[in-house]
Amino acid sequence: MKKQFRAESKKLLDMMIHSIYTNKEIFLRELISNASDALDKLSYESLTNKEMKIKKKELEIRLIPDKEARTLTIIDNGIGMTKEELEENLGTIAKSGSELFKENMSDDKNMSIIGQFGVGFYSAFMVSDKVEVTSHSVYDDKAYTWTSTGADGYTIKEGSQDENGTTITLYLKENTEEEKYDEFLEDFKLEGLIKKYSDYIHYPIRMMTVYTEDEKEVEEDRTLNSMVPIWHKKKKEVKEEEYNDFYIDKFYDYEKPLRIIQSDVEGLTSYKALLFIPSHAPFDYYSKNFEKGLQLYSRGVLIMDKCSDLLPDHFSFVKGIVDSEDISLNISRETLQDNHKLGIIAKSLETKIRKELEVMLDEDRDEYEKFYNDFGMQLKYGIYSSYGMNKETLQDLLLFYSSHDKKYITLKEYRERMVDGQDKIYYACGESLDKIDLLPQVERVKEKYEILYLTNSMDEFVLKSMNDYNSTSFLNISDESLDLDSEEEKESLKKANDEAKDMFSSMKEALGSDVERVQFTHKLKNHPVCLTSKGEVSVEMEKTLKEMPNGEGIKAQTIMEINESHPIAEKLKALYQEENKEELAQYTKILYAQARLIEGLSLDNPTEISNLVCEILAK
Ligand code: ADP
């Protein structure tokens, strides 16, 4: 007699049968995982229940693909199910696995999450028209067969199987345009799936395979899984080479990793982790196609390929595996996100990664610099995008070029090298080290202080979002407020500026709204002119913002500063005194154009400037 599924089970089944989800292959993972549980239960029983008479034999899982019959059979010699259990377990939605579906079943969008999580036995219907389960429980002397062709119900009859355990036969669906169910009968496909999802199941998963040798067909009973996860082994038991091979194989890299982090944590939340810092960024790393995440296992069963919640964005380059028996196999993406235990693991991994990077920085500078060249952007982005919140974690991992030798230094090293009386970390921005080195302002500051040379357009934004480094603030040497003068010098500059006030207004008039004002400066040594900026946005930042959406209107407030001790200063004063307004305006425009060019900015009026220069040359 045909029995009906309970309403909710029927619905889940329907979803499985009509699943448009492409990742159907996970059914195998689910069935293997159930088989492994059944073996666990049996070994537990035989340890604790002395009276139970179980024939001593090796516990195993076996796959039998049959191309002619188009069936795939999965057998375990585990605990088995009684008639009642078959009814109870397969006729209704199981407690744990499909709980998620009970809650969200009406919601079609949840279809997409099948595959990431344990959806249990019913996933067999994603690939099968008919499923037959014959089971012989160790508590029963009879075997029973449960059969179903899907949502219309199931039957349970007495079956024939002498040994304890469960045999599941899947009658595969007909191939369609999109889906070739036949592939689940191919040895290599099955082997691949076992390797991918169930490699570390700690019972052997076996299959008879046939291969040709010397034109003869040879049959071989093979174990498809490696059974012992490398991350379960003690660090000293594993050769570095093995870790490297594992990494290359598992994460499709061609180079061995830069660093390996292995950890085994026992506590309220226990987990094992094996992490790798790659030696180079994957080609799509800085694109939106890149997906961060660690593989998440629960007791050797892969539950998620890229669990992004385990890695903060600033360490998104890390690859690896986390295995925790405290995380249930049947966990949805939504519940994962606010899973408390996952959060604890993530935090502790973040610390481990940070420490490893610090050690690398201390002990192997060359290696760290190699790492930084590839992933430094991401660390900086971590500070910037969190508005400085990740500053504590990341600030000591940053490197910037120094004006001393144009080599990388850390902020810590900079601070240690600060000279008496220096209370700021000075920096200058530009496209390249050479260009920064030639900035007019650099010359004088460099005589007194070390300067950080920021060559990346993001760098200054990073420093701004940090605000300071261990209470020492940052200052752009192109900032108007840069002050290298003694009190006396300041006084004399102020006087010179006051005296030339009217001249500067007429110069400002010649430039219009392009500059805030014009003034003399002591910041320059040999150069005649520079641009400085006032307030939050520097000239360099303006350039970067211009490239961004909506950044067009953001402008630096610039000030044109003229070297007071340069002969040009005298020339300007003379023109003003002669009331030669026209030439003063011409000189002003040319000086402004020069200042812009030095800063790497373009000119709005190149023809006008070129004509002006020629006019003066021709005199
Ligand atoms: P879950 O495994 O999450 O509980 P499933 O739908 O996959 O959900 O399975 C339902 C139940 O059926 C399991 O909890 C288990 O009791 C039983 N079961 C499934 N497969 C087997 C098997 N191979 N041997 C013994 N019991 C099984």
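**Brief notes about the overall build of the chain**
Check the secondary structure of the chain and you find 20 helices and 22 strands. The globule rule puts the C-alpha radius of gyration for 619 residues at 25 Å, and the 36 Å found for the chain is more than 25% above it. Oriented by its inertia axes, the alpha-carbon framework of the chain measures out at about 120 × 55 × 50 Å. In the chain, which comprises 619 residues, the proportion classed as buried is 52%. Taking the intrachain contacts of the chain between residues at least 6 apart in sequence as the baseline, contacts between residues at least 24 apart amount to 69%. Distance from the positive charge centre (84 side chains) to the negative charge centre (122 side chains) of the chain: 2 Å.

**A look at helix 3 (residues 83-91)**
Those residues of helix 3 that fall on the buried side of the exposure criterion are L86, L90 and G91. The arc enclosing the buried residues of helix 3, seen along the axis, measures out at 90 degrees, which places them on a common side.

**Focus: the sheet that holds strand 20 (residues 517-521)**
With respect to topology, three strands assemble into an open sheet ordered 20-22-21, the strand pairing being mixed. Each edge of the open sheet carries a strand with a single partner, namely strand 20 and strand 21 (529-534). On average, each strand axis in the sheet is inclined to that of its neighbour by 35 degrees, with strand direction left out of account. Relative to strand 22 (residues 557-563), strand 21 runs antiparallel, the two sharing six bridges. Note on strand 22: the bridge partner recorded for S533 is T558. Against the sheet, helix 16 (residues 501-511) contacts strand 20 and strand 22, and its axis sits at roughly 130 degrees relative to strand 20. Each of strand 21 and strand 22 touches helix 19 (residues 581-598); the most contacted strand, strand 21, lies at about 70 degrees to it.

**Thoughts on the nonpolar core**
Among the nonpolar cores identified, the biggest contains 69 residues, and F317, L357, Y368, F371 and L379 are the most heavily contacted of them. Beyond its immediate sequence surroundings of up to four residues, L379 is in contact with H314, F315, F317, Y368, F371, Y372, L394, L397 and L398. Of all hydrophobic cores here, the second largest spans 49 residues; its members include F5, L28, L31 and I156.

**Topic: the side chain of T472**
If you trace the backbone, T472 turns up in strand 19 (residues 472-476). Those residues in contact with T472 that sit more than four places away from it in its chain are R415, M418, D423, K424 and I425.

**Thoughts on a negative patch on the surface**
Taken together, the side chains of E240, E241, E242 and D245 present a region of like negative charge at the surface. Along the chain, D245 turns up in helix 6 (residues 240-250). Residue classification places D245 among the partly exposed residues on the basis of a relative accessible area of 47%.

**Focus on the packing of aromatic side chains**
The full count for this structure, using the stated rule, is 25 aromatic pairs. Pairing F27 with F184 gives two aromatic rings, centres 5.1 Å apart and planes at 85 degrees, and the pair type is edge-to-face. Of this pair, F27 sits in helix 2 (residues 26-48) while F184 sits in the loop between strand 6 (165-172) and helix 5 (187-197), and the two are 157 residues apart along the sequence. The exposure classification of F27 matches that of F184, with both residues buried.

**Considerations on the packing of helix 16 against helix 18 (residues 567-577)**
It is the contact of helix 16 with helix 18, at a shortest axis distance of 10 Å, that shows an interaxial angle of 90 degrees. As far as their axial angle goes, helix 18 and helix 16 are roughly perpendicular. When helix 16 is examined against helix 18, the residues D502, M503, S506 and M507 are found in contact with a partner set consisting of L572, K573 and Y576. Tallied by class, the residues present in the contact of helix 16 with helix 18 amount to four nonpolar, one polar and two charged.

**Digging into the state of the cysteines**
Under the criterion given, the structure shown has zero disulfides. Here C429 is not disulfide-linked; the sulfur of C530 is the nearest cysteine sulfur, at 14 Å.

**Points about the pairing of strand 22**
Counting buried residues in strand 22 gives six out of seven residues, a clear majority hidden from the surface. Relative to strand 22, strand 20 runs parallel, the two being bridged by five bridges. Counterpart to F520 in the pairing with strand 22 is I562.

**Regarding the environment of L42**
Take L42: it is sitting in helix 2. With relative accessibility at 3%, the residue L42 sits in the buried group. Sequence spacing of L42 and A593 is 551 residues, and the spatial spacing of their C-alpha atoms is 84 Å.

**Here we look at the side chain of S263**
Tracing the backbone through its elements, the reader meets S263 in strand 9 (residues 259-265). Given a relative accessible area of 7%, S263 falls into the buried group. Contacts of S263, omitting those with residues within four sequence positions, involve Y271, K272, A273 and K352.

**Description of the confidence of the model for the chain**
In low-pLDDT regions, the fine details of the predicted coordinates are not to be read closely. In this model, the chain carries an average pLDDT of 87, and 91% of its residues clear a pLDDT of 70 or more. In this model, residues 94-118 is a region of pLDDT below 50 whose contacts with residues beyond four sequence positions or in other chains number 52 contacts.

**A short note on the sheet that holds strand 17 (residues 451-454)**
Spatial ordering of the open sheet is given by 15-14-17-16-19-18, a layout of six strands whose pairing is mixed. On the outer flanks of this sheet lie strand 15 (408-409) and strand 18 (468-469), each paired with one strand and no other. Across two bridges, the pairing between strand 14 (residues 400-402) and strand 17 is antiparallel. Across the sheet, residue Y401 finds its bridge partner in strand 17, namely Y453. Strands strand 14, strand 16 (424-429), strand 17, strand 18 and strand 19 of the sheet are contacted by helix 14 (residues 459-466), whose axis makes an angle of about 155 degrees with strand 16.

**Digging into the environment of L13**
Tracing the chain through its elements places L13 in helix 1 (residues 7-17). Each C-alpha atom, one on L13 and one on D152, is 9.6 Å from the other, the two residues being 139 residues apart in sequence. Not counting residues up to four positions away in its chain, the partners in contact with L13 are F5, Y122, F125, G150 and A151.

**A few points about the pattern of salt bridges**
Scanning the model with the defined rule gives 45 salt bridges in all. For K406, the salt bridge is made with D434, and the minimal N-O distance between the two is 3.3 Å. With K406 in the loop between strand 14 and strand 15 and D434 in helix 12 (residues 433-437), this pair connects stretches of sequence that are 28 residues apart. Residue classification places K406 among the partly exposed positions, given a relative accessible area of 28%. Salt-bridge contacts for D423 lead to K424; the nearest nitrogen and oxygen are separated by 3.9 Å. With relative accessibility at 24%, the residue K424 sits in the partly exposed group. Within this structure, E58, E60, R62, R206 and D221 form a network of salt bridges that share partners.

The rules we used
Residues numbered from 1 in each chain as written. Predicted model: local features only at pLDDT ≥ 70, side-chain atom pairs only at ≥ 80, totals over all residues. Heavy atoms only, no water. Helix = DSSP H or I, 4+ residues; strand = E, 2+ residues; numbered from the N terminus. Rg over C-alpha atoms; globule rule 2.2 N^0.38 Å. Buried < 20%, exposed > 50% of the residue type's maximum accessible area, 1.4 Å probe, protein only. Contact = heavy atoms within 4.5 Å. Lys, Arg positive; Asp, Glu negative; His and termini not counted. Charge placed at Lys NZ, Arg CZ, Asp CG, Glu CD. Arc of directions from axis to C-beta. Pairing = 2+ DSSP bridges. Axes fitted to C-alpha atoms, helices over the stretch in contact; angles between N-to-C directions. Core = buried A, V, L, I, M, F, W, Y, C linked by side-chain atoms within 4.5 Å. Patch = residues over 30% accessible without salt bridge, like charges linked within 9 Å, V, L, I, M, F, W, Y side chains within 5 Å. Areas by Shrake-Rupley, 256 points an atom, 1.4 Å probe, with all protein chains shown as cover. Salt bridge = Lys/Arg side-chain N within 4 Å of Asp/Glu carboxyl O. Phe/Tyr/Trp six-rings, centres within 6.5 Å; stacked < 30°, edge-to-face > 60°. Parallel < 35°, antiparallel > 145°, perpendicular 65-115°, else oblique. Nonpolar A, V, L, I, M, F, W, Y, C, P; charged D, E, K, R; others polar. Disulfide = S-S within 2.5 Å. pLDDT = per-residue confidence, 0-100.

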